[in-house]
Amino acid sequence: MCGIVGYIGPREATEVVVDGLQRLEYRGYDSSGIAVLCDGEFDIRRSVGKLQKLRERLNGEPTYGHQAIGHTRWATHGGVTEANAHPHRSTSGDIVVIQNGIVENYLALKAELTAAGVHWHSQTDTEVIAQLLDREAKASGDFVIGFRRALLRLKGGNAIVAMHRRQPGLIVAARLGNAGAVVVGLGDGENFVASDIPAVLDHTQRMVFLEDHEVALVRADSVSYQQIDGTALDKQAQTVAYDPVAAAKGGYKHFMQKEIFEQPRSITDTLHDRINLEQATVQLDSLRLSDEQLTRIDKIMVVACGTAWHAGLVAKFLIEGLARVRVEVDYGSEFRYRQPILDDRSLLLAITQSGETADTLAGMQVAREQGVPCISLVNAIGSQAARLSDGGVIYLNAGPEISVASTKAFTTMVVGAYLLALKLATLHGRMDKVTMREHLQALLELPGKVGEIVKNTTVYEELAERYRHTNDMLFLGRGINYPTALEGALKLKEISYIHAEGYPAGEMKHGPIALIDEEMPVVCLCPHDDVYDKMVSNVQQVKTRGGEVIVITTEGDTQLREMARTVIEVPATLPWLTPILNTIPLQLLSYYCALRRGTDVDQPRNLAKSVTVE
Ligand code: F6R
């Protein structure tokens with residue numbers, strides 16, 4: 001999704017801002033732009049396509065100045081054109097604005113401004129902010145007051161950064177609702193503003209995060225904060241410990257490849273300091289809810305989107321199966337608009353890698369409005385989801401996930417959900433120490449087993465070669481591996497653009513079986529669990545109809561070799577943990593298919609890493 005970077009200080013601002021935008025490339029975008037304030041005028045450069053295009057433009061027509069704001073845009077209102085790229089300037093030329101999010105009432109505002117004589121230069125909702133801010137600044141005679149007044153007129157979730165050409169030395173920034181983070185990076189004689197930590201992490205680790213309806217006035221030597229009504233705010237800086245080197249590709253061809261391969265490490269980090277094998281306990285110190293409160297919970301509402309929603313489905317199996325606490329799972333985009341039945345014994349569990357997904361955050365707000373406590377499984381430290389979690393956060397500790405397609409976040413989400421399930425199982429009196437120790441032991445062995453799977457990629461490379469012209473693929477699984485099938489299909493379609501469907505295998509005969517012929521490879525997840533025999537029947541049914549079967553099963557399987565074209569074996573583990581081990585081959589299959597088909601693996605078309613709009 002869109003990226004924001006602003007700089008004010010002694011350096012050439014363009015370099016700092018464009019480098020920062022480069023760090024946010026992983027979020028996905030289709031155009032970019034920068035505005036530099038120099039001698040009372042804005043120099044604006046914008047271009048469609050990759051950031052390299054903007055760099056080329058800047059090489060030909062350089063800009064000079066010590067304060068600038070830049071943006072990578074992912075189109076929502078208006079097509080992908082240079083005119084629609086940010087920054088947007090008001091007609092008078094006084095104001096420039098960049099924005100992440102959507103101005104929901106922009107049509108009404110636009111009509112009002114048009115009636116007042118404004119002429120438009122783009123089709124975007126962001127230009128509406130620029131024109132509105134221009135008018136409010138003039139009416140109040142003060143840029144900052146005008147900024148706050150303009151913000152009060154906007155509906156929706158927005159991260160907004162602006163400058164006034166007659167107010168050199170000042171960048172203003174605000175966060176409204178859940179359109180993504182606004183981070184102020186504190187330097188020495190220079191300051192930064194950004195939509196995401198990596199954009200400024202090369203320059204400073206001291207950061208301040210804006211909350212909803214907060215404004216930052218950023219100058220080179222100071223930053224002050226206000227509520228939207230003008231009340232002064234005292235905000236504390238946090239030291240962010242991300243290592244920028246960890247975000248680099250480190251010898252891998254793609255971030256996705258690196259992130260698949262680093263799963264033994266990320267799972268180890270999720271487990272770190274949370275398991276005590278000797279005492280057979282799980283410690284989730286970052287949960288603020290007391291054991292008494294957790295014991296009272298009789299319903300967990302999981303809210304998430306995309307891959308995180310698949311992790312939520314696995315969480316349902318784990319929590320219901322191990323702790324016998326009821327779990328409902330919903331998409332953020334659905335949950336926020338229905339009338340969920342929650343009460344004083346309910347708990348909302350948000351699952352999100354970025355912690356900035358608008359629909360998931362909106363789901364959390366719904367729960368909070370009903371007095372229901374929120375906890376979350378989150379990867380991005382200091383993200384909005386983490387801050388909305390009044391009941392505490394279970395951080396995934398997976399490190400930055402750069403590739404748009406989520407891999408290590410999924411597996412660590414499942415590990416995090418497992419830890420929560422075990423904790424609840426103990427509190428709800430559903431698990432004795434001996435059984436608990438078996439679970440903990442299995443968790444501790446998991447990283448090694450994941451390491452075994454990623455060691456040999458030949459089979460995936462062969463499959464990718466065989467299926468490189470395939471148009472469709474079907475993924476089937478049962479029980480706790482039915483979400484794995486959904487995740488396998490999502491991964492394949494999003495990065496290789498092969499159409500793929502995931503189904504609970506028992507549903508095959510209710511429709512999808514009609515699709516099966518020799519052109520349709522079918523991936524069947526057949527771990528040695530209590531639905532293994534049912535899966536074997538499904539494999540047989542596919543084979544009978546001419547379909548080619550790729551099986552993922554437990555090491556040592558002999559039965560399926562007769563039926564499947566390809567058998568991929570993964571180490572044995574507890575049935576509860578099979579979604580993690582079965583997902584790794586599916587990630588590798590998708591990765592190599594995408595590689596073979598020559599798609600943009602890390603930044604697939606039309607997708608964004610963090611979906612901060614509805
Ligand atoms: C798929 C993918 C998306 C995200 C979804 C939620 O590979 O990455 O489906 O899982 O947009 O994102 P988060 O977890 O950041 O809330």
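Cut-off values and rules
- Residues numbered from 1 in each chain as written.
- Predicted model: local features only at pLDDT ≥ 70, side-chain atom pairs only at ≥ 80, totals over all residues.
- Heavy atoms only, no water.
- Helix = DSSP H or I, 4+ residues; strand = E, 2+ residues; numbered from the N terminus.
- Rg over C-alpha atoms; globule rule 2.2 N^0.38 Å.
- Buried < 20%, exposed > 50% of the residue type's maximum accessible area, 1.4 Å probe, protein only.
- Contact = heavy atoms within 4.5 Å.
- Lys, Arg positive; Asp, Glu negative; His and termini not counted.
- Charge placed at Lys NZ, Arg CZ, Asp CG, Glu CD.
- Core = buried A, V, L, I, M, F, W, Y, C linked by side-chain atoms within 4.5 Å.
- Domains from an automatic or database assignment.
- Buried area = accessible area lost by both parts, 1.4 Å probe.
- Salt bridge = Lys/Arg side-chain N within 4 Å of Asp/Glu carboxyl O.
- Polar contact = N/O pair within 3.5 Å; in protein donor to acceptor, adjacent residues only side chain to side chain.
- Axes fitted to C-alpha atoms, helices over the stretch in contact; angles between N-to-C directions.
- Parallel < 35°, antiparallel > 145°, perpendicular 65-115°, else oblique.
- Left-handed = near helix turned anticlockwise from the far one by under 90°.

*Asks:* Tell me about the overall build of the protein chain, and please be specific about residues and values.
*Replies:* Summing up its helical and strand segments, the protein chain has 18 helices and 27 strands in all. Relative to a compact globule of 614 residues, whose C-alpha radius of gyration would be 25 Å, the protein chain shows 25 Å and is just as compact. Along the three orthogonal principal directions, the C-alpha set of the protein chain runs to about 80 × 55 × 45 Å. Taking all 614 residues of the protein chain together, 61% fall into the buried category. Here the contacts in the protein chain between residues at least 6 apart in sequence split such that 71% fall between residues at least 24 apart. Between the averaged position of the 62 positive side-chain charges in the protein chain and that of its 76 negative side-chain charges there is a distance of 2 Å.

*Asks:* Describe the nonpolar core, with residues and values.
*Replies:* Counting residues in hydrophobic clusters, the biggest one holds 91 residues, and the most contacted among them are I300, L443 and F475. Each of domain 2 (255-452) and domain 3 (458-597) accounts for three or more of the residues forming this core. Membership of the second largest hydrophobic core comes to 27 residues, among which are L109, V144, L154 and V172.

*Asks:* Can you explain the domain arrangement of the protein chain? Please cite residues and give values.
*Replies:* Domain parsing of the protein chain yields domain 1 (3-246), domain 2 (255-452) and domain 3 (458-597). Centre-to-centre, using C-alpha coordinates, domain 2 lies 26 Å away from domain 3. In total, about 2500 Å² of surface goes out of reach between domain 2 and domain 3, with carbon and sulfur atoms giving 79% of it. When the buried surface of domain 2 facing domain 3 is broken down by residue, H310, F317 and K449 rank first, second and third, together holding 22% of it. Here domain 2 is connected to domain 3 by zero salt bridges.

*Asks:* Run through the pattern of salt bridges, naming residues and quoting values.
*Replies:* Pairing between side chains of opposite charge can happen when the charged atoms of each approach one another. Inspection of every chain in the model, using the stated rule, returns 36 salt bridges. K50 serves as the salt-bridge partner of D600, at 3.7 Å between the closest nitrogen and oxygen. One end of the pair, D600, is in the segment after α18 (578-597); the other, K50, is in the loop between β3 (41-48) and α2 (51-60), with 550 residues separating them in the sequence.

*Asks:* Which residues make up the environment of E82, and what values do they have?
*Replies:* Topologically, E82 is positioned in the loop between β4 (67-73) and β5 (88-89). Judged by relative accessible area, which is 38%, E82 ranks as partly exposed. Each C-alpha atom, one on E82 and one on S32, is 8.4 Å from the other, the two residues being 50 residues apart in sequence. Sequence-distant contacts of E82, that is, excluding residues within four places in its chain, are made with R46, S47, V48 and R57. A distance of 3.3 Å separates polar atoms of two side chains, one belonging to E82 and the other to R57.

*Asks:* Give me the lowdown on the packing of helix α4 (residues 125-140) against helix α5 (residues 143-153), citing residues and values where you can.
*Replies:* Direction vectors running N to C along α4 and α5 enclose 130 degrees, while the axes themselves pass 7 Å from each other. Between α4 and α5, the crossing angle belongs to the class labelled oblique. For α4 against α5, the interelement crossing comes out right-handed. Across the interface between the two elements, L132, L133, E136, A137 and S140 from α4 touch F143, I145, G146, F147, R149, A150 and R153 from α5.

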